[in-house]
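Structure at a glance
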Amino acid sequence: MKYSNLFGKTIKQTKKDITAVSHKLLHQGGFIRENVAGRYFMLPLGMRVRQKIINVIREEMNNSGALEMLAPTLHPLELWKETNRTNETGFELTTVTDRRGAEFALGGTAEEMFVDLVRNFKLSYKDLPFNIYQFSTKFRDELRARYGLLRTREFTMKDAYSFDADEESFKKVYALMAETYTKIFEKMGLKTYIVAADNGYIGGEYCHEFVVEHEIGESRFFVSEDGNYCAHEDIAKFKREEINTREKEKPFEVFDQPQWVQTMEDNQKHYKLPASRFLKNVVYKNRTTGEIIIAVTRGDLEVNKSKLEHVLNLVGQLEDATEEDLHKLGTKTGYVHSWGHKAKYIGDLSLTTVKNFIGGQKEDTTDSRNVNYGRDFKCEMLADIALAKAGYLTENGKSKFVEKLGIEVGNVFQLGYHYTKKMHDATFIDKNGKEVPYYMGCYGIGIERTMAAIAEIYNDEKGIVWPEIVSPFKVHLLVIGLEDESVKKRAEEVYKKLLESGVEVLYDDREDVTAGEKFADADLIGCPYRVVVSKKTGDKVEVKRRGENKVALHNLTDLEQIVQRQMI
RNA sequence: CGGGGCAUGGCGCAGUUGGCUAGCGCGCAUGGUUUGGGACCAUGAGGUCAGAGGUUCAAGUCCUCUUGCCCCGACCA
């Protein structure tokens, strides 16, 4: 393609408040343009990258035996009602109504649609298993879109849905998908961690995120030093160390405490004891029912809301209690009791690792001490509801957690019977002629986010350095000194030759642009090979790899060979 | 959803305690000089200062509301 025909422009300056490197460079290089918050135009250059990414994914998905298809964008709302996902928060549906009054949801994910399609076929066990997928626009009403393409409200997703006869058969598909994903991301130059995570509003019992480690990422996860464990913070299981379990239980008492002792720091200062010796209470409210839930933990630990929701089977339902809610309980911030309020008490596993807790019944000038779990108070249940942190021990106590941040570019979910049992007739006929629900999984990759992740990792101060397989063009050909007829002729010849041998080339043929500007654009756009034709190059061409400094003169056949060689 | 910030030609920004004809850089157009790292000169086009209401002799500037965007947080009681 000739640069003079390209729509879209590189620019020198971007807004100060663009913070993500990928956002800045993709905007500056003329790959994307924002429409409104979280919704982007894919410009021709960006479109080419997007297409390359799709090609890689498609090829590997097809290799895995999955079949591409396409579902409608508007999903009948009844389907979402069938699984009760219309009521779940954490996943705000955008709905539209047509002129007949029929209601539709703009799909943010398509489990119901695929189940609906499949159930209408009335399949037999002989038709199983299969894995069907699509590339389609997804709509998510994010509270806060940010970082350019990293978190948008409208994006392309590859979503696949597998249907199996049973768990055993499913597990093979799940493993195959994980393997396929690793291959896909590796091909694009992304090293991914496979992070065990929470299924959240998608449902099912387990899932894994594919995460590219990067500081800008919003996924916080932990890897054990021995490399045997890798889990998202929302599910990371860690060992609660015994604090003082050998100590003898002393008699419970309420005693005087200076009024200035209010916070956990005050406690530690006043008693000269570590935070782990105190009780901590965190109050939540069920969004829909208004029920108050009090999470009780050891003072040095924090409550993880996702874990708590999971334990209570209330995914996306909890919100922080307000001061008003506390008032209704007859208390206020800092004065919540570990027992006795009209609320559901859930305790963390750590409550049994300490003898003679301090706290739990704070009033203005008193509190309680020598509080022992089981003897002096009891929660409705003890569960893993505490937030993991760097340095904590793995469950077996053998290794320590290292904290990492990353960009979640893909995920694989075990869905099991989550949808097929909620939706009627989502069954096939087994060998015995019985109707049996499908055992499902689903698998997603965010295309634009993957694009941003690549740009986030492969760049330098001058621009993006695209991995060859996703680069918009393989060669960025630029000509300097176009007014010289022989140079111009030579450049045209090189361009034609490259095209003829099937090389994708962006030919900067602009006449009134200085050399410096052409170089700057080539760096910014970031194609892997920069080829220069000028007076200096004579019957050769100058070749430079983006990201490297050395330049070399080659003749055309050499160049073709260099470029044809697949570099990954 | 809470807190903070911003909104001025296409883009990036300046505009003082309200004051006269709203500026600068980039980009764009035209002409010229240039041509191996965003070069230079000249000329020109382009603005209901986000929207609505208000205060005032006078509003880009002060007040109120609305909308949009950006940043931080959304859990430690």
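Anything mentioned here points back to the structure above.
What counts, and where the lines are drawn
Each chain carries its own residue numbering, running from 1 in the written order of its sequence. Here every chain gets a letter starting at A, and every ligand a number starting at 1, in the order they are written. Thresholds applied to this predicted model are a pLDDT of at least 70 for local features of residues and 80 or more for the giving and counting of side-chain atom pairs; totals over whole chains, interfaces and linings are not thresholded and use all residues. Runs of H or I in DSSP of at least four residues are treated as helices and runs of E of at least two as strands, each being numbered from the N terminus. Note that contacts rest on C-beta atoms placed from the backbone: two residues are in contact if these are within 7 Å. What makes a nonpolar core is a set of buried Ala, Val, Leu, Ile, Met, Phe, Trp, Tyr and Cys residues, with links drawn between C-beta atoms within 7 Å. Here exposure depends only on C-beta density: within 10 Å of a residue's C-beta, 20 or more other C-beta atoms make it buried, 12 or fewer make it exposed, and intermediate numbers make it partly exposed, the C-beta atoms being placed from the backbone. An automatic or database domain assignment supplies the start and end points of every domain. The criterion for a residue being near a molecule or strand is simple: its C-beta atom, placed using the backbone, must lie within 6 Å of it. Put simply, Ala, Val, Leu, Ile, Met, Phe, Trp, Tyr, Cys and Pro go in the nonpolar bin, Asp, Glu, Lys and Arg in the charged bin, and everything else, Gly too, in the polar bin. Angles shown run from 0 to 180 degrees and are taken between the N-to-C directions of axes, each axis being a line fitted to C-alpha atoms and, for helices, limited to the stretch in contact. Just so you know how the angles are binned, under 35 degrees is roughly parallel, over 145 roughly antiparallel, 65 to 115 roughly perpendicular, and the rest oblique. By definition, two strands form a pair when at least two bridges between them are found by DSSP.

1. Structural notes on the overall build of chain A
A tally of regular secondary structure across chain A gives twelve helices and 33 strands. In terms of overall dimensions, chain A has a C-alpha envelope of 100 × 65 × 50 Å along the principal axes. Put simply, 71% of the contacts in chain A that link residues at least 6 apart link residues at least 24 apart.

2. Focus: the nonpolar core
Of all hydrophobic cores here, the largest spans 108 residues; its most connected members are V475 and L477. No other element matches helix 5 (residues 167-187), which puts seven residues into this core. When residues of this core are sorted by domain, at least three fall in each of domain 1 (47-71 + 108-236 + 403-455) and domain 3 (473-564). Residue contacts for V475: discarding those within four places in its chain leaves L498, V503, V505, C527, Y529, V531 and V563. F278, V283, L318 and F357 belong to the second largest nonpolar core, which has 27 residues in total.

3. Structural notes on helix 4 (residues 111-119)
Extensive coverage of helix 4 is indicated by the burial of seven of its nine residues. For helix 4, the set of buried residues is E111, E112, M113, F114, V115, D116 and V118. Looking at the buried residues of helix 4, the elements they touch are strand 4 (74-76), helix 3 (77-82), strand 7 (130-139), strand 8 (154-164), strand 23 (401-416) and strand 26 (439-446).

4. Points about the protein's contact with RNA strand B
Residues in contact with RNA strand B amount to 54 residues; listed here are only the nearest, D17, A37, E302, D320 and G516. When contributions to the surface near RNA strand B are tallied by element, the ones reaching two or more residues are strand 15 (279-286), strand 17 (318-320) and helix 11 (515-525). In terms of residue count, the dominant contributor to the surface near RNA strand B is helix 11 (eight residues). Considering only residue class, the surface near RNA strand B consists of 21 nonpolar, 14 polar and 19 charged.

5. Observations concerning the packing of helix 2 (residues 44-63) against helix 9 (residues 447-457)
Between helix 2 and helix 9, the least distance of the axes is 10 Å, while the angle of their chain directions is 105 degrees. Classified by the angle their axes make, helix 2 and helix 9 are roughly perpendicular. The segment helix 2 lies against helix 9, with V49, R50, I53 and I54 engaging I447, E448, T450 and M451. Here the residues of the contact of helix 2 with helix 9 sort into five nonpolar, one polar and two charged.

6. Some remarks on the environment of F7
Note that F7 resides in the segment before helix 1 (21-28). The class for F7 is exposed, based on 8 C-beta atoms found within 10 Å. Sequence separation between F7 and P44 is 37 residues, and the spatial gap between their C-alpha atoms is 6.7 Å. Contact partners of F7, with chain neighbours within four places excluded, come to L43 and P44.

7. A word on the sheet that holds strand 17
Strand order in the open sheet formed by five strands is 17-15-16-18-21, and the pairing between neighbours is mixed. With partners counted over all chains shown, the strands left at the sheet margins are strand 17 and strand 21 (381-383), one partner each. Taken over all neighbouring pairs, the strand axes of this sheet differ in orientation by 35 degrees on average, direction set aside. Of the strand pairs in this sheet, strand 16 (residues 292-298) and strand 18 (residues 344-348) are connected by four bridges, and their pairing is parallel. Bridge pairing in strand 18 places I294 opposite Y345. Where helix 7 (residues 305-312) meets the sheet, its contacts fall on strand 15, strand 16, strand 17, strand 18 and strand 21, and the angle it forms with strand 17 comes to roughly 140 degrees.

8. As for the environment of T245
Here T245 shows up in the loop between strand 13 (238-239) and strand 14 (253-256). Residue contacts for T245: discarding those within four places in its chain leaves T353 and K355.

9. So, the pairing of strand 5 (residues 94-97)
One face of the sheet, then the other: side chains in a regular strand alternate in exactly this way. Relative to strand 6 (residues 103-106), strand 5 runs antiparallel, the two sharing four bridges. Looking at the pairing, V96 lines up with F104 of strand 6. Linkage of strand 5 to strand 6, two consecutive antiparallel strands, is achieved through a turn of five residues, within which G101 is found at a positive phi near 95 degrees.

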